[in-house]
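# Examination of the molecular architecture
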Amino acid sequence: MFSVTCVAPVNIALIKYWGKRHEELILPVNDSISMTLSTDELCAKTTVTASESFERNRMWLNGEEVPFEEGSRLQRCLKEVHRLAVANGSQKVPPTWKLHIASVNNFPTAAGLASSAAGYACLVYSLSRLYDIPLSEELTTVARQGSGSACRSLYGGFVQWHRGALDDGSDSVARQIAPSDHWPNMHVLILVVNDARKKTASTRGMQQAVKTSQLIKHRVEQVVPDRITRLREAIASHDFQAFAEITMKDSNQFHAVALDTYPPCVYMNDVSHRIVSFVHDYNDRMGSYHAAYTFDAGPNACLYVLAEHVPHLLSAIQKVFPNDLADGDTYLRGLPIPKVQMLSAAIGFTGCSC
Ligand SMILES: Nc1ncnc2c1ncn2[C@@H]1O[C@H](COP(=O)(O)OP(=O)(O)OP(=O)(O)O)[C@@H](O)[C@H]1O
Ligand SMILES: C[C@@](O)(CCOP(=O)(O)OP(=O)(O)O)CC(=O)O
């Protein structure tokens, strides 16, 4: 019997991936850029066990068994890993041995907090350890076939997923732009507005967008390429002002595409819009960008903020979004904040650094 356990991080996109040009291979219509978060607060943890005595492949997610069906994304990732194992001459674990896979997320699953990214990155990385396959660009193409955004979670720091041009997807890979210590004072505050399962999964939402949105064409052709170049420059030069503006505009445009989908996909709610408004007012008061929001396919906000601005921003958030019911520890996690501040914390909160 062989067993490995790995953890993998969440990544939050700054330039969003939304729309596929090939459904099965998961090839995107545009490049995307993300920042990988620390695993201290949010991660997926996966144990893969291979045994001669197992009769079939099985998988459990957060304690519940999920189907391991022929043609599923899970099955495709496993087949791809077996292919790489053969290509690498790895003979550690016979490919005929069946697997038991157990994975847990220490944060809400399918709530727009990138659980599929951490989950499939963790699955593919664990399998690569089991079969002795080195981390490579090619491995990112395997994670990509589990969930597109997962390819970016195989690297820390800032990561670009290149759309690629080839039909077989071999050039649709993730590459690190800058390592995790490149911008050490870059922090993320995650404001958990609602941790329920979202109504329209990302896969379905983006399928509908490609079919029905006119705005997505403009976004892919006219907007994203220039934003990718400018965001890369902002990251390279630690330019928070450019970083913040590009990030907020791209989040807004992604949600505009979701609304331009027919029927529309509504991921943000009233509280999300109040957070957007709060961040703009706050930045106006500060005289420059001190915080940048981005929202994935859900109502929860990720705020990018430099370490030196965290305490001030946090206390402003707590004033605007007071929460009398809060048991501090449940509502504020991940930051060494005195208890008295925790008690007035606003909404569920997790602090992470890059
Ligand atoms: N730890 C995990 N291991 C394997 N698969 C996982 C794991 N966590 C989540 N998934 C898969 O990802 C699906 C959720 O993906 P979905 O894209 O709907 O939500 P999300 O990733 O949380 O949100 P978003 O991608 O919009 O940020 C789950 O239903 C499951 O199939
Ligand atoms: C809004 C997003 O988080 C969308 C993520 O979509 P997924 O990677 O979950 O979709 P599939 O490839 O269909 O599994 C933006 C992003 O992470 O770039």
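Quantities reported herein were computed from a predicted structural model and do not represent experimental measurements.

Thresholds, definitions, all that
Residues numbered from 1 in each chain as written. Chains lettered and ligands numbered in written order. Predicted model: local features only at pLDDT ≥ 70, side-chain atom pairs only at ≥ 80, totals over all residues. Pairing = 2+ DSSP bridges. Helix = DSSP H or I, 4+ residues; strand = E, 2+ residues; numbered from the N terminus. Axes fitted to C-alpha atoms, helices over the stretch in contact; angles between N-to-C directions. Domains from an automatic or database assignment. Contact = placed C-beta atoms within 7 Å. Nonpolar A, V, L, I, M, F, W, Y, C, P; charged D, E, K, R; others polar. Near = placed C-beta within 6 Å. UniProt positions renumbered as here; feature names shortened; annotations may be inferred. Core = buried A, V, L, I, M, F, W, Y, C linked by C-beta atoms within 7 Å. Buried ≥ 20, exposed ≤ 12 C-beta atoms within 10 Å, placed from the backbone.

### Side note on the sheet that holds strand β1 (residues 2-9)
Read across the open sheet, the five strands follow the order β1-β6-β9-β7-β8; overall the sheet is mixed. The sheet is open, and its two borders are formed by β1 and β8 (64-66), each paired with just one other strand. Sheet twist, expressed as the average angle between the axes of neighbouring strands with direction ignored, equals 20°. Summarising the sheet, β1 and strand β6 (residues 43-51) pair through eight bridges and their orientation is antiparallel. Bridge pairing in β6 places Val4 opposite Val48.

### Examining the domain arrangement of the chain
One can read the domain layout of the chain as domain 1 (2-178) and domain 2 (186-353). Each of domain 1 and domain 2 was reduced to a C-alpha centroid, and the two centroids are 25 Å apart. Taken together, the 26 residues of domain 1 in the interface contact 34 residues of domain 2. Taken together, the elements giving at least two residues each to the side of domain 1 that touches domain 2 come down to β2 (11-15) and β11 (174-178). No other element matches β2, which puts four residues into the side of domain 1 that touches domain 2. Residue composition of the side of domain 1 that touches domain 2, by class: 17 nonpolar, four polar and five charged.

### Observations regarding the site of ligand 1
The immediate surroundings of ligand 1 are formed by 23 residues, with Ser103, Ser115, Ser116, Gly119 and Ala297 found nearest. It is helix α2 (residues 115-130) that provides the largest number of residues to the shell around ligand 1, a total of seven residues. For the shell around ligand 1, the residue count by class is 12 nonpolar, 10 polar and one charged. Mapped onto the domain boundaries, the shell around ligand 1 takes at least three residues apiece from domain 1 (2-178) and domain 2 (186-353).

### Notes on the UniProt feature "domain: Diphosphomevalonate decarboxylase-like N-terminal" (unreviewed entry) in the chain
According to UniProt, the positions carrying the feature "domain: Diphosphomevalonate decarboxylase-like N-terminal" (unreviewed entry) are residues 8-174. From the first C-alpha to the last, residues 8-174 spans 15 Å; its make-up is 23% helix and 28% strand.

### Re the nonpolar core
Ranked by size, the top nonpolar core spans 99 residues in total, and within it Val81, Ala121, Val124 and Leu303 carry the most contacts. Broken down by element, the residue count for this core peaks at 10 residues, all from α2. For this core, the two domains that each supply at least three residues are domain 1 (2-178) and domain 2 (186-353). Beyond its immediate stretch of four places on either side in the chain, Ala121 contacts Ala8, Ala143, Ala150, Ser153 and Leu154.

### Thoughts on the pairing of strand β10 (residues 158-161)
The side-chain alternation of β10 yields two buried faces, one formed by Phe158 and Gln160 and the other by Val159 and Trp161. In terms of strand pairing, strand β5 (residues 32-36) meets β10 through four bridges, oriented antiparallel. Opposite Ser32, over in β10, you have Trp161 as the bridge partner. Direction of pairing for β10 relative to β11: antiparallel, over a ladder of four bridges. Residue pairing for β11: Trp161 is matched across the bridge by Ala174.

### Considering the site of ligand 2
Among the 16 residues in the neighbourhood of ligand 2, the closest are listed as Ala13, Tyr17, Ser147, Gly148 and Ser149. Elements represented by at least two residues in the shell around ligand 2 include exactly α2 and α4 (202-212). When we break the shell around ligand 2 down by domain, the ones giving at least three residues each are domain 1 (2-178) and domain 2 (186-353).

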